[in-house]
Amino acid sequence: MDSVLSALHEVPGVTATLVFDAAGRLALHKGHAVYDRALCEHVTGLLVKAIDAVQLEQEEWDSMTAQFADGRILLRNLGSAHFLAVVADAALSPTFSTVAMRIAVNKLKKGIEKGTLTGITPVSQPAVTPFSQPAAMPPSQGAARPSPSPEATAFLARCVKELARYVGPMSKVYVKESVGRVCAGAPFTMAAAERLIEDLAQQLDDLSDRGALRAALVKGA
């Protein structure tokens, strides 16, 4: 499947392409010399944290775009808990990149389904995490969805981290369920931060733990 990534690199502005799983493990990558495997694995680790935060409030998503000073990162959900990330600079053409990404995603999904991509688990044996979607989304759900604000994403990640002090790895599940209760299916925004903090605190039996959690989260709200 190296040819799929090579085709993406023909689009002006593309500097690196990464295919990775929900644990941040790199399956395929291609990029300029600076993007060695170590750097790519560091990037995928950061992206997985962002994906986890997004999926706290929106499990089913198809695409996301993150802007940074010199360009952007285009992220696509490949299904079976795998993702494609394209790092690009300011020269990226939106028109060309949209078409190239669509073709690449379709080919990569087929490769995953057939189990022909080295390092990627086939659909029949998906690598599932609490926020992963093992099956491809129906066409009606394939439209791009808005991402939470950077502030909201960072706050949700903080909630997971602080709550983990009391409930361990299940903190992701607790936060996800709490967001559902507080936002009633709507995207999480910082306007709901106070209610979310209180809802999370109520999940703890110990009153002193509740107070400590509130204090820790209020600092980031």
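This is a predicted model, so every value here is computed, not measured. (Residues numbered from 1 in each chain as written. Predicted model: local features only at pLDDT ≥ 70, side-chain atom pairs only at ≥ 80, totals over all residues. Heavy atoms only, no water.)

## Some remarks on the packing of helix α6 (residues 193-201) against helix α7 (residues 207-218)
The following threshold applies: The convention used is that axes are lines fitted to C-alpha atoms, helices contributing only their stretch in contact, and that angles between N-to-C directions extend from 0 to 180 degrees. Strands are runs of DSSP state E lasting at least 2 residues, helices are runs of H or I lasting at least 4, and numbering of each runs from the N terminus. These descriptions rest on fixed angle ranges, namely under 35 degrees for roughly parallel, over 145 for roughly antiparallel, 65 to 115 for roughly perpendicular, and the rest for oblique. In a left-handed crossing the near helix is turned counterclockwise from the far helix by less than a right angle, and in a right-handed crossing that turn is clockwise. Contacts: residue pairs with any heavy atoms within 4.5 Å of one another. Residue type decides the class: Asp, Glu, Lys and Arg count as charged, Ala, Val, Leu, Ile, Met, Phe, Trp, Tyr, Cys and Pro as nonpolar, and the leftover types, Gly among them, as polar.
It is the contact of α6 with α7, at a shortest axis distance of 9 Å, that shows an interaxial angle of 155°. If you check the angle between α6 and α7, you find them roughly antiparallel. The two elements α6 and α7 meet at a crossing, and its hand is right-handed. Contacts between α6 and α7 involve Ile197, Glu198, Leu200 and Ala201 from the first element and Arg210, Leu213, Arg214, Leu217 and Val218 from the second. Its residues assigned to classes, the contact of α6 with α7 shows 6 nonpolar, no polar and 3 charged.

## Focus: unusual backbone geometry
Heads up, the rule is: Note on classification: 1.4 Å probe, protein chains only; a residue is buried when its accessible area is under 20% of the maximum for its type, exposed when over 50%, partly exposed between these limits.
A positive phi angle is found at Ser80, which is not glycine, with a value near 55°. Along the chain, the position of Ser80 falls in the loop between β4 (71-79) and β5 (82-89). Phi is positive for Ala81, which is not a glycine, with a value near 60°. A relative accessible area of 2% means that Ala81 is categorised as buried.

## Concerning the pattern of salt bridges
To keep things clear, this is the line we draw: A pairing counts as a salt bridge when a side-chain nitrogen of Lys or Arg comes within 4 Å of a carboxyl oxygen of Asp or Glu.
Counting across every chain of the model gives 6 salt bridges. For Arg181, the salt bridge goes to Asp199, with nearest N and O atoms at 2.6 Å. Taken as a pair, Arg181 in helix α5 (residues 171-183) and Asp199 in helix α6 lie far apart in primary sequence, 18 residues in all. Ionic pairing is found between Glu198 and Arg214, a salt bridge with its closest N-O pair at 2.9 Å. Here Glu198 is found in helix α6, whereas its partner Arg214 is found in helix α7, with 16 residues between them in sequence. What makes Glu198 partly exposed here is its relative accessible area of 32%. Residue Arg214 is classed as partly exposed on the basis of its relative accessible area, which comes to 26%.

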